Amino acid sequence: MSTAAACLVLAVLELDAALVAQTLASRPLVVGALLGALTGETQAGMLFGAAFELLSLCDLPVGGCLTWSTPVAAGTATVIAAGGASIPFAFAGGVLAGILHTRAEAFERGRRASTGDELAGRAEAGGGALGRALAYSIGLHAAMTFAVAGGVAAAVLAVDRRWWADAPDFLRAGAALMAASAPWLGLAGVTAWGLRRS
Amino acid sequence: MTPWMQARVAGRLLLLQARWDTSRMQGTGFAYALDPWLSVCWAAEPQALADARRRHLEYFNTHPIAAWLAAGIVCRQEAAAAALTGPARDAAIARVRSLKTGLGASLAGLYDSFFWGALRPASALAGVLAAQAAYHLGSPYAPAWAAGAALAAYNVPAFAARAYGLRRGLRVGERAVLELTALPVQSWIIGLRRAAVGGALASFGIGAGLLGVGDRLTAALTFAAGLVLTWRGVSPLAQLGFAGLGGMAAGLTGLRP
């Protein structure tokens, strides 16, 4: 599967995170497993999915709280790994995509609020204004996810091919330790959080 | 409400947050979900229908699953208000407004704690453990097991709660909330959180068991550091940043080239 097609699948799956249904089909574990299977990077997909899933379990999506998009992080990391990048570098790319996606989503939510009164005025008369507004919002969000995941994947893969192999050792050591420690930090986070609250 | 109308409202409730924004939050999605029913209730009075749409476009926010119960109760009350006239109708409409706001906040606390704070972590750990078990058994379908276990563990109770909430809200109105508070939800939350902690420790043991002695020590130290940092309120993203910086420092000093 091509990078663009994988990013398209990610954009559709990610809609479930907030906009459509919330069945948790967008959870990193599912996104990583599915994209890993589709791109032929099954192990990398599972690794990224499990790591980002565990890291995100203590972030409650309450009251519109936005921290970082771990579904996008897991999906983008898998796509980058499928493009030939090393696991640590793909993981770092995933983290970057997750942070950027959240910034874009915060902007998107603010923009929706600024047009809310005008929409409410049209919706009072009925006639499908609300349905069209919701469809537009869903389409725009999917396009934004596609752009962020695709942009980060393309940029990271370009850096990987031209520069990463010659990067200073300390940078590669930093990326390696970050990726290697992620599952353990995630498990520790869930344990600490569960013990504190139960 | 006919089964077809219930299905229409239910289908639209899946889009509750499709236009979530910082001022109305779920208000637009909630109005969209209720619209078919409002059109039936207020069919004979176009101005009253426009007013009904306006009041549901206002601020509303709750847990996405709790919204189904809230929608059931509100639909029942809108039908009751439409059947009244004069001051009695005005009072019923004012009650719909205040009830909706109160319901949103009170249900959110309970549903957030159970679905986000207990069932979501427990179902994720079920998925991770299923993947580890499939890997140990040599199954080539570890990703499918992981995704299937995590999705089933969350969605079977979640969709049951959605369907039951909508139906019960329609049938008994506000009494459904009282019935809900009589359930031993707190003990379920504690049980699920303990299961999540047990799952995390088991997953750590299984994962670390696959490593060599040196890497096992590194994993244990990282796990211990993660416990301390989480207890001190450091976010997972910041912890990853610290790990990256630590790796770079180690690389510069030659400890971990």
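Only a predicted model underlies this, so the values are computations on that prediction, with no experimental measurement involved.

### A look at the domain arrangement of chain B
- We note that the domain assignment places domain 1 (3–210) and domain 2 (212–257) within chain B.
- Here domain 1 of chain B and domain 2 of chain B have C-alpha centroids that lie 38 Å from each other.

### Points about the environment of B:R12
Residues and elements named next belong to chain B.
- Tracing the backbone shows R12 in helix α1 (residues 3–13).
- Sequence separation between R12 and R95 is 83 residues; the distance between their C-alpha atoms is 24 Å.
- With sequence-adjacent residues up to four places away left out, R12 is seen in contact with Y32 and A33.

### Examining the confidence of the model for chain B
- Summary statistics for chain B give a mean pLDDT of 92 and a share of 99% for residues scoring 70 or more.
- Overall fold confidence (pTM) sits at 0.92, and the ipTM for the predicted complex is 0.90.

### Notes on the environment of B:G148
All names here are of chain B.
- Locating G148 in the fold gives a position in helix α6 (residues 142–172).
- The exposure class assigned to G148 is partly exposed, which follows from the 16 C-beta atoms found within 10 Å.
- Spatially, the C-alpha atom of G148 lies 30 Å from that of G212, the residues being 64 residues apart in sequence.

### Topic: the interface of chain B and chain A
- With 70 residues of chain B at the interface, the matching set in chain A holds 75 residues.
- Secondary structure elements with two or more residues in the side of chain B that touches chain A: α2 (27–41), α3 (46–56), α5 (86–136), α6, α8 (185–209), α9 (213–231) and α10 (236–253) of chain B.
- Here the side of chain B that touches chain A gets 13 residues from one element, more than from any other, and that element is α10(B).
- Of the residues in the side of chain B that touches chain A, the class split is 41 nonpolar, 18 polar and 11 charged.

### Considerations on the nonpolar core
- If you look at the biggest cluster of nonpolar residues, it comprises 147 residues, and the most contacted ones within it are A:A149, B:L34, B:A71, B:A146 and B:A150.
- No other element matches the 17 residues that α5(B) contributes to this core.
- Residue-level mapping places this core at the junction of two domains, with at least three residues from each of domain 1 (3–210) and domain 2 (212–257) of chain B.
- Not counting chain neighbours up to four residues away, the residues in contact with A:A149 comprise A:C7, A:L10, A:A11, A:V72, A:G75, A:T76, A:V79 and A:A97.

### Examining the packing of helix α2 (residues 28–39) of chain A against α6(B)
- The contact between α2(A) and α6(B) brings their axes to 9 Å, and the two run at 150°. Considered as vectors, α2(A) and α6(B) are oriented roughly antiparallel to each other. Every pair of crossing elements has a handedness; the one defined by α2(A) and α6(B) is left-handed. Of the residues in α6(B), those touching α2(A) at A:L29, A:V30, A:A33, A:L34, A:G36 and A:A37 are B:P143, B:A146, B:A147, B:A150 and B:L151.
- Per-class residue counts for the contact of α2(A) with α6(B) are 10 nonpolar, 1 polar and no charged.

Calculation notes
- Residues numbered from 1 in each chain as written.
- Chains lettered and ligands numbered in written order.
- Predicted model: local features only at pLDDT ≥ 70, side-chain atom pairs only at ≥ 80, totals over all residues.
- Domains from an automatic or database assignment.
- Helix = DSSP H or I, 4+ residues; strand = E, 2+ residues; numbered from the N terminus.
- Contact = placed C-beta atoms within 7 Å.
- pLDDT = per-residue confidence, 0-100.
- Buried ≥ 20, exposed ≤ 12 C-beta atoms within 10 Å, placed from the backbone.
- Nonpolar A, V, L, I, M, F, W, Y, C, P; charged D, E, K, R; others polar.
- Core = buried A, V, L, I, M, F, W, Y, C linked by C-beta atoms within 7 Å.
- Axes fitted to C-alpha atoms, helices over the stretch in contact; angles between N-to-C directions.
- Parallel < 35°, antiparallel > 145°, perpendicular 65-115°, else oblique.
- Left-handed = near helix turned anticlockwise from the far one by under 90°.

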